[in-house]
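Breakdown of the fold
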Amino acid sequence: MSAWQEKRTDWKTDRDAFVADQKAVRKTGKLPEHLGPPPSGFALLPWLLMGMGAFSNLFQGKTPNPWIGGIGLLVFNSLYIHVVFRAFTKEAREARSTRGALLALGVVTCLLGGLYGGSWLLFFPLLGLAAGAIVRGRWLGKTGIGLSALAGVVAGLRDGWGAVNVAYGTFLSTMVTAAILSLSDAVRELRAAREELARQAVEKERLRFSRDLHDLLGHTLSVIVVKSEAARRLAPRDIDAALVQVSDIESVGRQALTEIREAVTGYREGSLAADLDRAGSALRAAGIEPVVRQSGPPLAAQTEVLLGWVVREAVTNVVRHSGAGRCEITVDGSAEHVRLRVTDDGRGVAPPAAPESPVSGIGGTGIGGTGLKGLTERLAAAGGLLEAGPGARNGFTVTAELPVEPAEPARMAEPVEPARMAEPVEPARMAEPVDAVGRVSSL
């Protein structure tokens, strides 16, 4: 009784929410968010009124052996209520006890229908309702046909040609009940799946934004700090050089604002050349000699974005942790894949790792730290890999590989930073090597 009262309370709560949603629909015209109370055993209880004829005959004394009829009616109603209330929970519906109760209900129905006939034969459609609520899937058709045949045989022995109506009613009640309840379950499962997909989309967007914000601000703030320190050191003896560093700080800050706005909207398209230029500027401001080499065909925008993230994170770690005097950034592209390698000659210590979860690249060595962990996941999603660890001799090396996607035609014809090529070359850089595409290898 306590379980029955609890189910009834839940059903009334869902019904009230459904009524409130329907009133809101009539006012606003929007689709309701609440699908109404889920089906329960209460939806099948009113059909017990089909047995009122048998109860009336029993009450008026028109039924022989009334004690047997009364006990049979009580047992049938009890079994029916037990079965239909267990039909709306998958675990309870598939339990052996439920199937046993349904079988017992069928035996009682056959005994009462065969013994009394007449209005007692209407218990067969009620048996079909209970069977349709319990039996789903591939056994439904066989169950419906079997119950209809059984009802037809028993009713034929008692009621002649009236057995056709009993058999048809039993088959119809079985199949329609199963179809309606299965459709209701499918609608609710689809609704739950849609809500789960929406939740996953929100989590995915939140993760994307947190990664973008970490990579953008981590690199940018490191550049600003390094350049600020350089400006402070240069100010007492060379005010012009200090002003150049201040101007770079302003430029980096403006660029960071633009990129953060793009990251918020999710439409950021980076330029690998611009990231390499900023990386070289940050390294020089930190007193580290940058050497950049790039070769290969033009890259797709998404590939440049991913490699730009790697450059940002790796160079930030070099500036913060390596104590290096030289940093080499090499980009080698081919028709199948592109490889980016960032190597320094510093202490060879990896950036501080998150103690709870070191991450390994796909086929790579252990990679720690929030930034490199996020990059590993980014590249893995694009079919690439990220490796990070001590260099062959000393220092630290970060290597990223990605499959090559065809570049857009507009990008194929895009000139390689003519503004920077037109800048005067400093005397100390005149002897530095030039790569295959005519780019100065060291920034």
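Above: the structure in question.
In what follows, the accompanying structure is described. Everything numeric here is computed off the predicted structure, so don't read it as measured data.

1. Some details on helix α7 (residues 140-159)
The terminal C-alpha atoms of α7, which comprises 20 residues, lie 27 Å apart, in line with the 28 Å expected from a rise of 1.5 Å per residue. All buried positions along α7 are accounted for by L140, G144, L147, S148, A151, V154 and A155. Down the axis of α7, the smallest arc covering the buried residues is 140°, so these residues share one side. Across from the buried face of α7, at angles greater than 90 degrees, the exposed residues are K142, I145, V153 and L157. Once α7 finishes, G160 follows within two positions and takes phi at roughly 65°, a positive value.

2. Some points on the pairing of strand β1 (residues 289-295)
When β1 meets strand β2 (residues 326-333), the two strands line up parallel, connected through 7 bridges. Along β2, the bridge assignment pairs Q294 with V331. At this point the chain moves from β1, through helix α11 (residues 301-322), to the parallel β2, and the crossover so formed is left-handed.

3. Considering the pattern of salt bridges
Enumeration over the complete set of coordinates arrives at 12 salt bridges. In this structure, E250 and R254 form a salt bridge, with 3.0 Å as the shortest nitrogen-oxygen distance. Of the two residues, E250 and R254 both sit in helix α9 (residues 239-265), 4 residues apart, roughly one turn of that helix. Its relative accessible area of 54% is what places R254 among the exposed residues. The salt bridge involving D275 is made with R312; its shortest N-O contact spans 3.3 Å.

Criteria and cut-off values
- Residues numbered from 1 in each chain as written.
- Predicted model: local features only at pLDDT ≥ 70, side-chain atom pairs only at ≥ 80, totals over all residues.
- Heavy atoms only, no water.
- Helix = DSSP H or I, 4+ residues; strand = E, 2+ residues; numbered from the N terminus.
- Expected span 1.5 Å × (residues − 1).
- Buried < 20%, exposed > 50% of the residue type's maximum accessible area, 1.4 Å probe, protein only.
- Arc of directions from axis to C-beta.
- Pairing = 2+ DSSP bridges.
- Right-handed = clockwise from strand over helix to strand, strands pointing away.
- Salt bridge = Lys/Arg side-chain N within 4 Å of Asp/Glu carboxyl O.

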